[in-house]
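# Summary of structural features
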Amino acid sequence: MEEKKSRIIVFGGTGYIGKYIVKASISLGHPTLVYTRPLNSQTPPFKTQLCDEFISIGVTIVQGELDADQIVDVIKQVDIVICALPYPQVLDQLKIIDAIKVAGNIKRFLPSDFGVEEDRISPLPPFQAFLDKKRKIRREIEAAGIPYTFISANCFGAYFANYLLHPHDKNNNIVTVYGNGETKAVLNYEEDVAMYTIKVANDPRTNNRIVVYRPSKNIISQNDLISLWQQKTGQNFRKDFVPEEEIVKLSQTLPSPHNVPVSILHSVFVRGDLMNFELGENDLEASQLYPDYDYKSIDQLLDIFLVDPPAPASAAFE
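In the nomenclature of an unreviewed UniProt entry, the protein is known as NmrA-like domain-containing protein of Canavalia gladiata.

## So, the UniProt feature "domain: NmrA-like" (unreviewed entry) in the protein
Mapped onto this structure's residue numbering, the UniProt feature "domain: NmrA-like" (unreviewed entry) falls at residues 4–299. Helix makes up 42% of residues 4–299 and strand 17%, with an end-to-end C-alpha separation of 37 Å.

## A look at the pattern of salt bridges
Tallied over the entire structure, the rule returns 17 salt bridges. Taking the shortest distance from any N to any O, the salt bridge between Lys23 and Glu53 comes out at 3.1 Å. Of the two residues, Lys23 sits in helix H1 (residues 18–27) while Glu53 sits in helix H2 (residues 45–56), which places them 30 residues apart along the sequence. Taking relative accessible area as the criterion, Glu53 reaches 36% and is therefore assigned partly exposed. Residue Arg120 is joined to Asp283 by a salt bridge in which the shortest nitrogen-to-oxygen separation is 2.8 Å. A residue pair is termed long-range when its members are at least 10 positions apart, and Arg120 in the loop between strand E5 (108–110) and helix H5 (125–144) and Asp283 in the loop between helix H10 (259–271) and strand E13 (284–285) qualify at 163 residues. The exposure class of Arg120 is partly exposed, given its relative accessible area of 35%.

## What to know about H1
Inspection of H1 places Gly18, Tyr20, Ile21, Val22, Ala24 and Ser25 among the buried residues, and these make up the whole buried set. Buried positions along H1 lie against strand E1 (8–11), strand E2 (32–36), H2, strand E4 (80–83) and helix H7 (190–201). One or two residues past the end of H1 sits Gly29, with phi positive at roughly 90 degrees.

## A few points about the packing of H5 against H10
Where H5 meets H10, the axes come as close as 7 Å, and the angle between the chain directions of the two elements is 95 degrees. The pairing of H5 with H10 is recorded here as roughly perpendicular in orientation. Across the interface between the two elements, Pro126, Phe127 and Phe130 from H5 touch Asn259, Val260, Ser263, Ile264 and Ser267 from H10. Within the contact of H5 with H10, the residues separate by chemical class into 5 nonpolar, 3 polar and no charged.

## Here's the deal with the packing of aromatic side chains
To describe a pair of aromatic rings, one takes the distance between the centres and the angle between the planes. Summed over the entire model, instances satisfying the criterion amount to 14 aromatic pairs. Measuring from centroid to centroid gives 5.4 Å for Tyr159 and Phe160, while their planes differ by 70 degrees, and the two rings are edge-to-face. No difference in accessibility class separates Tyr159 from Phe160, as the two residues are buried. The rings of Tyr16, Tyr20, Phe156, Tyr159, Phe160, Tyr163 and Phe269 are connected pair by pair, giving a single aromatic cluster.

About the criteria used
- Residues numbered from 1 in each chain as written.
- Predicted model: local features only at pLDDT ≥ 70, side-chain atom pairs only at ≥ 80, totals over all residues.
- Heavy atoms only, no water.
- UniProt positions renumbered as here; feature names shortened; annotations may be inferred.
- Helix = DSSP H or I, 4+ residues; strand = E, 2+ residues; numbered from the N terminus.
- Salt bridge = Lys/Arg side-chain N within 4 Å of Asp/Glu carboxyl O.
- Buried < 20%, exposed > 50% of the residue type's maximum accessible area, 1.4 Å probe, protein only.
- Contact = heavy atoms within 4.5 Å.
- Axes fitted to C-alpha atoms, helices over the stretch in contact; angles between N-to-C directions.
- Parallel < 35°, antiparallel > 145°, perpendicular 65-115°, else oblique.
- Nonpolar A, V, L, I, M, F, W, Y, C, P; charged D, E, K, R; others polar.
- Phe/Tyr/Trp six-rings, centres within 6.5 Å; stacked < 30°, edge-to-face > 60°.

The following block contains the structure:
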C-alpha cells in the first residue's frame with residue numbers, strides 16, 4: 001500500500017521560486033495549497049493567470065492576509081509548510097512561526113532561505129544585514145522547537161544565466177565580469193531547486209538539518225560560463241571586468257536597497273562564499289542525498305537558452 005502523501009502549503013507560491021516549488025509538489029503527488037493575498041482588480045494579470053494555471057493542475061488556492069487566525073486555520077489542514085516569500089517579507093515569517101506553534105501539527109517547516117548558507121559566511125554589510133533577518137528566522141524556529149529543514153540552494157541557474165550572459169540580447173557582445181572571473185559559484189536550475197526542496201521536506205534524514213544544493217556539475221566560474229556560452233553560440237564576447245574595489249565602493253555608496261545586489265555579486269562572484277567552506281561528513285548535499293535524480297547541469301541549462309530561453313526575471317535578487 002502506497003504511503004499517504006504529505007499535504008503541503010506554500011507561502012509565496014506565486015513568486016519567482018515559489019511557482020516552481022508548487023509545480024514540483026504537485027508533480028510528486030502531494031496535495032498542495034498556495035496561500036496568497038486576495039485576488040482583485042489590482043492583482044497583476046500574471047499572478048491571476050498563474051493562479052488559474054495552478055487550479056488547472058490541482059492546486060488549492062487559499063486567499064488571505066498574513067493574519068494570525070487565518071494562517072492557523074489553514075496550517076491545521078496541512079503537514080508541511082514551505083515559505084518562499086521574497087526578501088522584503090522575510091520577517092513576516094515570524095507570524096507563520098507563531099501560527100505553527102499554535103496549530104501544533106506541522107511535521108516540517110522550510111523557511112524562505114534558498115540562497116547562500118547564511119550561517120557560514122560573512123559578506124559585505126548590506127548583504128550581511130539582509131542575511132541577519134534570515135538568521136533571526138532560523139533562530140526563532142530552533143527556539144520554538146519546530147521541526148525544520150534549512151536550505152542553501154545557492155544561485156538560481158536560469159536567473160543568473162540571464163543576468164550574466166544576457167542571452168536575449170543577440171546584438172550585445174559585451175559581458176560584465178565581477179572580479180577576475182575565476183571564482184567558483186554554484187548555479188542550479190530552478191526546477192531542480194524545487195524538486196530537491198519537495199524531496200528534502202519529506203525526508204526523515206533532513207529533519208532539523210541544513211541541506212546544501214551543490215551538485216558537482218553546477219560549480220562554475222564566470223569565465224568558464226562565458227567560454228561555454230561562446231562555444232554554444234559561436235559568438236565572441238568582450239569581457240568588461242569590474243574590479244573588487246569598485247564593487248565594494250558601490251556597496252558603500254548606493255542607497256538601500258540598491259546596495260544589496262552589488263553586495264550579493266561580491267559575495268558570490270568575488271569572495272566565493274558559495275564554495276569557501278568544505279562540506280564535511282555531517283553536511284547534507286542534495287545531489288548526494290538523491291543520486292537517482294537527474295538534475296540539469298550548467299551545460300544542459302545553457303542548451304535550454306539556445307532553444308527556448310526562459311524570460312529574464314523582472315525582480316532582481318528576489
